[in-house]
Amino acid sequence: MRPARALIDLQALRHNYRLARDTTGAKALAVIKADAYGHGALRCAQALEAEADGFAVACIEEALELRAGGIRAPILLLEGFFEASELELIVEHDLWCVVHSLWQLEAIEQTRVAKPLNIWLKLDSGMHRVGLHPKDFQAGYQRLLASGKVARIVLMSHFARADELDSQASAEQVVVFEEARKGLAAEVSLRNSPAVLGWPNIPSDWVRPGIMLYGATPFEVPQEVAAQLQPVMTLESKVICVRELPAGEPIGYGARFITPKPMRIGVVAMGYADGYPRLAPTGTPVMVAGKRSQLLGRVSMDMLCIDLTDVPEAGLGSTVQLWGKDVLASDVAIAAGTIPYQIFCNVRRVPMLYSEG
Ligand SMILES: *Cc1c(COP(=O)(O)O)cnc(C)c1O
C-alpha cells in the first residue's frame, strides 16, 4: 500500500481543547467546521464530546452529519441558515443558530417554529464580512425577543486581526461591540483562537477555538500560550526511491532545483493531490529518519523530492514527516505562503489513522 497517511492524535486534541477552556475560564465551543479543519469532524467530536460545552460548524449539512453520527451536544451553525426552509431542521435537530443578517431575522419572524430557538446574534464590529450593523443591533435583539420564537440569545462578533499581536484593531472592535450591546442582559462570545491565546482581557462567556484545537498557532511569531499547543495531525509517508546525482543535475518539473554539488535525493510518496502545498519551495522543512532536512524542487501531484545528502542513515523506506510534532504545519504554511488553516483543510486522499496518543 502507498505509505502516505495522516495520523490524528485525539489526546492532543483534548489537551488543546482544555487549554482553550482553562486559560479563559469560559465555556468553549469546539469549532469543527470544514471536517474539523481536515481532521475528521465526527471522530474529533466523539473524542471531545464528554467534555466539550458544544461544537460549531459552518452549515446545517455539517451539523446533520454530526447528529447522524450520534453527537448530542449543542452544535452552533456559524453562518446560521442559508434558506428559511432550514429552520424546521434546525428545530428538529436542536441546533443553535447564528443570525448575521436582517433577512435571517425577518425569516425567523415569518416562520412558525415548533420550539423556541437558540440564537447567536452577530454584530459586525469592524470586520465587514457578516453581522448586523451596530445601528441595527439593539433593534434586532428586541425584534428577536418580541418574536416569541427565541429561548436564548448570545451576543457575538468576530475579529479580523486578532492574530496580529501588536495591532489595536481587536481592541477597537471590542469598543464597538460594547457600545452596541449596552444594556442588553445576554451572554457574549468574541474570542476565536488568536483571541483565546493572545488577548486575555477581552470578555467572552463563550470562546470559539478552531485552529488551536488542532495544535497550530495562528500567530506568525512565537507566543507563550501557543507554545503549549500539541500538534494533532502528523502527515507522513516514506522514501520510495533514492537517487545519487552529480553536480549540475535538475530535479523535478521545471528543473526548479539544480544540484550545486553531488547530492543524494529521496523521492517521497506525497504530493499536492494529498494536500501538500504545491507552492512549498525548495528549503521547506521535512523530517526524515528523525533528522531535519528539506524539500527540493517542485512538488508533483503524487511525489516530492527531499535532500538525503546529510542523512546517510536514511534510505529506501525511511519515514518522512511532512508536518506534525517535529515539523510544525505553521512553518510549512509560512514557507508555502499560506496559513495552517489551509494546510490542514487541503489534506485529502491519504488514510486518516486515529489514536489516543
Ligand atoms: C472559524 C471561526 C472560528 C474559529 O476561528 P479560529 O481562528 O480557527 O479559532 C470562530 N468563530 C467564527 C465565527 C468562525 O467562523
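How each quantity is defined
Residues numbered from 1 in each chain as written. Predicted model: local features only at pLDDT ≥ 70, side-chain atom pairs only at ≥ 80, totals over all residues. Heavy atoms only, no water. Helix = DSSP H or I, 4+ residues; strand = E, 2+ residues; numbered from the N terminus. Buried < 20%, exposed > 50% of the residue type's maximum accessible area, 1.4 Å probe, protein only. Areas by Shrake-Rupley, 256 points an atom, 1.4 Å probe, with all protein chains shown as cover. Arc of directions from axis to C-beta. Salt bridge = Lys/Arg side-chain N within 4 Å of Asp/Glu carboxyl O. Pairing = 2+ DSSP bridges. Domains from an automatic or database assignment. Contact = heavy atoms within 4.5 Å. Buried area = accessible area lost by both parts, 1.4 Å probe. Near = heavy atom within 4 Å. Polar contact = N/O pair within 3.5 Å; in protein donor to acceptor, adjacent residues only side chain to side chain. Nonpolar A, V, L, I, M, F, W, Y, C, P; charged D, E, K, R; others polar.

### Examining the overall build of the protein chain
Summing up its helical and strand segments, the protein chain has 11 helices and 18 strands in all. For the C-alpha atoms alone, the extent of the protein chain along its principal axes is close to 75 × 45 × 35 Å. Residues counted as buried form 55% of the 357 residues belonging to the protein chain. Looking at the protein chain as shown, the accessible area adds up to about 15400 Å², and 53% of this sits on carbon and sulfur atoms.

### Structural notes on unusual backbone geometry
Even without being a glycine, Tyr37 presents a positive backbone phi close to 50°. The topology assignment puts Tyr37 in helix H2 (residues 33–38). Of note in the backbone geometry, Asp94 takes a positive phi value of approximately 60° without being a glycine.

### Comments concerning helix H3 (residues 41–48)
Taken together, the buried positions of H3 are Ala41, Cys44, Ala45, Ala47 and Leu48. An end-on view of H3 places all buried positions within 160° of arc, on one side of the element.

### Quick look at the environment of Ala139
Tracing the chain through its elements places Ala139 in helix H7 (residues 134–147). A sequence separation of 28 residues divides Ala139 from Ser167, and the C-alpha atoms of the two residues are 31 Å apart.

### Points about the pattern of salt bridges
When the charged atoms of two side chains lie near each other, side chains of opposite charge can form a pair. Inspection of every chain in the model, using the stated rule, returns 16 salt bridges. As a salt-bridge pair, Glu356 and Arg14 come within 2.2 Å of each other at their nearest N and O atoms. You can see Glu356 sitting in the segment after strand E18 (352–355) and its partner Arg14 sitting in helix H1 (residues 10–24), a full 342 residues away along the chain. Of the residues examined, Glu356 reaches a relative accessible area of 47% and is grouped as partly exposed. On the basis of relative accessible area, Arg14 is assigned to the buried category, the value being 11%. The salt bridge partner of Glu109 is Arg143, with a shortest N-O separation of 2.8 Å. In this pair, Glu109 is assigned in helix H6 (residues 102–110) and Arg143 in helix H7, connecting sequence segments 34 residues apart. What makes Arg143 partly exposed here is its relative accessible area of 29%. Each of Arg2, Asp274, Asp302 and Arg349 takes part in salt bridges that share partners, so that together they form one network.

### Section: the pairing of strand E14 (residues 285–288)
Of the two faces of E14, the one carrying Pro285 and Met287 and the one carrying Val286 and Val288 are both buried. The antiparallel pairing of E14 with strand E15 (residues 291–296) creates a hairpin that spans 2 residues between the two strands, and Ala289 there sits at a positive phi of about 50°. Sheet analysis places E14 next to strand E17 (residues 319–323), joined by 2 bridges and oriented antiparallel. The residue of E17 that forms the bridge with Met287 is Gln321.

### Let's talk about the domain arrangement of the protein chain
We note that the domain assignment places domain 1 (9–220) and domain 2 (233–355) within the protein chain. Residue-level contacts link 17 residues of domain 1 with 11 residues of domain 2. Summing both sides of the interface, domain 1 and domain 2 together bury roughly 1300 Å²; the carbon and sulfur share of this comes to 63%. Three residues stand out in domain 1 for area buried against domain 2, namely Asp9, Tyr37 and His39, and they jointly supply 34% of the buried area on that side. One can count 1 salt bridge joining domain 1 with domain 2.

### Overview of the site of the ligand
Residues in close proximity to the ligand total 14 residues, the closest being Lys33, Tyr37, Ser193, Ile211 and Tyr341. At 2.6 Å, a side-chain N or O of Tyr37 approaches an oxygen atom of the ligand. Backbone polar atom of Ile211 to an oxygen atom of the ligand: 2.8 Å apart, as the coordinates give it. Against a free-state accessible area of 390 Å², the protein chains account for coverage of 92% of the ligand. Secondary structure elements with two or more residues in the shell around the ligand: H2 and helix H9 (193–198). Looking at the shell around the ligand residue by residue, the classes come out as 7 nonpolar, 4 polar and 3 charged.

### Let's talk about the pairing of E15
The pairing of E14 with E15 spans 4 bridges and is antiparallel. Looking across to E15, one finds that Val288 is bridged to Lys291. Pairing geometry for E15 and strand E16 (residues 304–307), over 2 bridges, is antiparallel. Across the sheet, residue Leu296 finds its bridge partner in E16, namely Cys305.

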